[in-house]
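Residue-level structural notes
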Amino acid sequence: MISSAEMINLLARNLRVIEVQTEGLTQADSMLQLPFRGNCLNWVLGHILVYRDAALKLAGAEPLWDRQRARRYMYGSASMQAGDDAVPLETILADLRRSQERLATVLAALSEEQLNADSCDHGDDLRECLLELVWHDGYHAGQTEYLRQLAGVNDQVMVI
């Protein structure tokens, strides 16, 4: 079974990928849209934060974003375009760092009994629900490699 400490480490690695992949990018870069169905870097990063907030709520903590701010970045929301009501890239990145700190504190405080308790809508224990959110975090963190290239940087960024 994966521990809280391992979840914290996976989330920290994902954040490191995000930080490296967004280095030097601007708000305008983050709004560039794919030429096919998908969404821009700004949306992907905000979406990651929305689901980190979901993990915080599951673990009994307050989310960083209110429902109004989160709505634009939820699953199924419309593709973002330049000029839309996007949260500034630097704000999202700062909030992702804050979410890491808060998740590290909250997850570290969970007991094995709490992690094994049924506490999700679909009958899984808290550990399984949190693991699903950690997987989701990594899935979208991986997308940042390609979304970075939309800005024309044409570089190779490796994160180990």
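See the structure shown above.
So, here's what we can say about the structure. (Residues numbered from 1 in each chain as written. Predicted model: local features only at pLDDT ≥ 70, side-chain atom pairs only at ≥ 80, totals over all residues. Heavy atoms only, no water.)

Digging into the packing of aromatic side chains
Spelled out, the test is: Pairing of aromatic side chains requires ring centres within 6.5 Å, counting the rings of Phe and Tyr and the six-membered ring of Trp. Pairs whose planes differ by under 30 degrees are stacked, by over 60 edge-to-face, and all others tilted. The classification of residues rests on relative accessible area computed with a 1.4 Å probe and restricted to protein chains. Under 20% of the type maximum is buried, over 50% is exposed, and intermediate values are partly exposed. Helix numbers and strand numbers start at the N terminus; a helix is a DSSP run of H or I with at least 4 residues, a strand a run of E with at least 2.
By the definition in use, this model includes two aromatic pairs. When the centroid spacing of 5.4 Å and the interplanar angle of 55 degrees are considered together, the rings of W65 and Y73 count as tilted. Neither W65 nor Y73 differs from the other in exposure class; each is buried. Relative to Y139, the ring of W135 has its centre 5.3 Å away and its plane inclined at 20 degrees; by these criteria the two rings are stacked. Of this pair, W135 and Y139 both sit in helix α7 (residues 126-149), four residues apart, which is roughly one turn of the helix. For W135, a relative accessible area of 57% puts it in the exposed group.

Examining α7
Threshold: For a helix, the expected span equals 1.5 Å multiplied by the number of residues minus one. N or O atoms within 3.5 Å of each other form a polar contact, as long as, within protein, one can give a hydrogen and the other can take it, and as long as residues adjacent in sequence are counted only when both atoms are side-chain atoms.
Over its 24 residues, α7 extends 36 Å from the first C-alpha to the last, a length consistent with the 34 Å expected when each residue adds 1.5 Å. Looking at where α7 begins, the residue whose side-chain oxygen comes 3.3 Å from the main-chain nitrogen of R127 is D125.

A short note on the packing of helix α3 (residues 41-58) against helix α5 (residues 89-109)
Selection rule: For helices, the axis comes from a line fit to the C-alpha atoms of the stretch in contact; other axes are also lines fit to C-alpha atoms, and the angle between any two N-to-C directions lies between 0 and 180 degrees. For this classification, under 35 degrees means roughly parallel, over 145 means roughly antiparallel, 65 to 115 means roughly perpendicular, and everything else is oblique. Rotating anticlockwise by less than a right angle from the far helix to the near helix defines a left-handed crossing, while the corresponding clockwise rotation defines a right-handed one. Every residue pair with non-hydrogen atoms within 4.5 Å of one another is taken to be in contact. Amino acids are sorted into nonpolar (Ala, Val, Leu, Ile, Met, Phe, Trp, Tyr, Cys and Pro), charged (Asp, Glu, Lys and Arg) and polar (every other residue, Gly among them).
Two elements in contact, α3 and α5, have axes whose closest approach is 10 Å; the angle formed by their N-to-C orientations is 25 degrees. Between α3 and α5, the angle is such that the two are roughly parallel. Seen along the crossing, α3 lies across α5 with a hand that is left-handed. On α5, the residues touching N42, L45, G46, I48, L49, R52, A55 and L56 of α3 are L89, I92, L93, D95, L96, S99, Q100, R102, L103 and V106. Partitioned by chemical class, the residues of the contact of α3 with α5 number 11 nonpolar, four polar and three charged.

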